[in-house]
Amino acid sequence: MVSVWRHKLLVVRPDVWRGICATVQQDVNDAATQAIVQDWMVKGWPVICRRPYAHEQNAEDGGGIAVGLPLPPIMGKKRLGFVVPEKAVSSFAGAMWPCGEVSSVRLTPERLNDIKLLTELGRAYGLVPQATGSLLWETITGLPYLSETSDFDVVWRVAGSKLQNADILAAFLADLAQIAGTLSVRLDGEIIFPQDRAVQWQELQSARFDEEVLVKTLTSIELMSVRDLTGALRKVPA
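What you see is a predicted model; the values in this text were computed from it and never measured. (Residues numbered from 1 in each chain as written. Predicted model: local features only at pLDDT ≥ 70, side-chain atom pairs only at ≥ 80, totals over all residues. Heavy atoms only, no water.)

1. A short note on the pattern of salt bridges
Oppositely charged side chains may form a pair once their charged atoms are brought near each other. Selection rule: A pair is scored as a salt bridge if a Lys or Arg side-chain nitrogen falls within 4 Å of a carboxyl oxygen belonging to Asp or Glu. In this text, helices come from DSSP runs of H or I with a minimum length of four residues, and strands from runs of E with a minimum of two, each type numbered from the N-terminal end. Burial classes follow relative accessibility: with a 1.4 Å probe on protein chains only, a residue under 20% of its type's maximum area counts as buried, one over 50% as exposed, and anything between as partly exposed.
For the coordinates displayed, the defined rule picks out nine salt bridges. A salt bridge links R186 to D151, with the nearest nitrogen and oxygen atoms 2.9 Å apart. With R186 in the loop between α6 (166–180) and β8 (187–193) and D151 in the loop between α5 (133–141) and β7 (152–157), the pair connects residues that are 35 residues apart, well separated along the chain. On the basis of relative accessibility, which here comes to 26%, the residue D151 falls in the partly exposed class. Overlapping salt bridges, with partners in common, bring together D151, R186 and D188 in one network.

Here it is as structure tokens:
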């Protein structure tokens, strides 16, 4: 059984994929884009887990997984939605962060320096950052997802890292805020706590201990106090 969570990337068997995506090709008007969507899995590119729509609940109950495929701006910037059989998917094993061999004219020297600074911050805390949004899809596919004004969306996972110590988490957030002020692009993204609880990093960094923050999982959105959110960590800052 494949475990799923927000930002989880899955690869669908190409033979199954062609049959599934044929049902939504009517949402894509351009023949070249249709061909890219059809061959998406042949190229080894993933889709991303998402919250199911109301009309998809029955399909999920039958063993399906709701996934999305966001197209780049030049292809209409549409978000295609599918429900794929669990037995036809596997976890994506590719890189979720730009590395040395990633090359794109949209990864300018300034953006590459931003990536370097974030990579070094992660290394200092024993973390590997994960891209989401336009940066992720540009990294994986090489298609033109990034625009001149695109933010960098970055995920940092607490589980299994030094950030499980709440004092270290607070220090990391302070360092992240400092670095964000020096980047050439706006830095967005989330801190992912155990149980897939995600909080926007700036909201968490600026919240007081007893304040509530917006917490997202694959299936829910709720308000939770920082105290409750960090209560399971080894040491909670005053």
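After that view, the rundown keeps rolling.
2. Points about the environment of P46
Examined against the element boundaries, P46 turns out to sit in the loop between α2 (31–38) and β2 (47–49). Here P46 falls in the buried class, since its relative accessible area comes to 0%. Sequence-wise, P46 and R6 are 40 residues apart; in three dimensions their C-alpha atoms are separated by 14 Å.

3. Some points on the sheet that holds strand β4 (residues 79–85)
Heads up, the rule is: At least two bridges found by DSSP between two strands is the condition for calling them paired. To get an axis, a line is fitted to the C-alpha atoms, and for a helix only the part in contact is used. The angle between two axes follows their N-to-C directions and goes from 0 to 180 degrees. Residues are treated as being in contact if the distance between any of their heavy atoms lies within 4.5 Å.
Read across the sheet, five strands follow the order β4-β3-β2-β1-β5 without closing on themselves; strand pairing throughout is antiparallel. Among the strands making up the open sheet, the edge pair consists of β4 and β5 (89–91). Across the sheet, the axes of successive neighbouring strands diverge by a mean angle of 45 degrees, strand direction being ignored. As judged from the seven bridges shared by strand β3 (residues 64–70) and β4, these two strands associate in the antiparallel manner. Note on β4: the bridge partner recorded for I65 is V84. Across the sheet, helix α1 (residues 14–21) lies against β1 (9–12), β2, β3 and β4, angled at about 125 degrees from β4, the strand it touches most. Contacts from α5 reach β1, β2 and β3, with the element oriented near 40 degrees to β1.

4. Considering the packing of aromatic side chains
Stated precisely, the cut-off is as follows: Under the pairing criterion, centres of Phe, Tyr and Trp rings, with the six-membered ring standing for Trp, must be within 6.5 Å; the plane angle then separates stacked pairs below 30 degrees from edge-to-face pairs above 60, leaving the rest tilted. Remark: a charge is flagged as sitting over a ring if the NZ atom of Lys or the CZ atom of Arg is within 6 Å of the ring centre and within 35 degrees of the ring normal.
One pass over the full model with this rule turns up six aromatic pairs. Ring geometry for W17 and F82: centres 4.7 Å apart, planes at 50 degrees, overall tilted. Linking W17 in helix α1 with F82 in strand β4, this pair joins segments that are 65 residues apart in sequence. With a relative accessible area of 0%, W17 lands in the buried category. Residue classification places F82 among the buried positions, given a relative accessible area of 2%. Centre to centre, the rings of W156 and F172 are 5.0 Å apart; their planes meet at 65 degrees, and the pair counts as edge-to-face. Pair noted here: W156 is in strand β7 and F172 is in helix α6, with a separation of 16 residues, a long-range link. For F172, a relative accessible area of 0% puts it in the buried group. Feature note: the residues W40, W45, W137 and Y145 constitute an aromatic cluster, connected by ring pairs. Over the aromatic face of Y53 sits the side chain of R50, whose NZ or CZ is 4.3 Å from the ring centroid.

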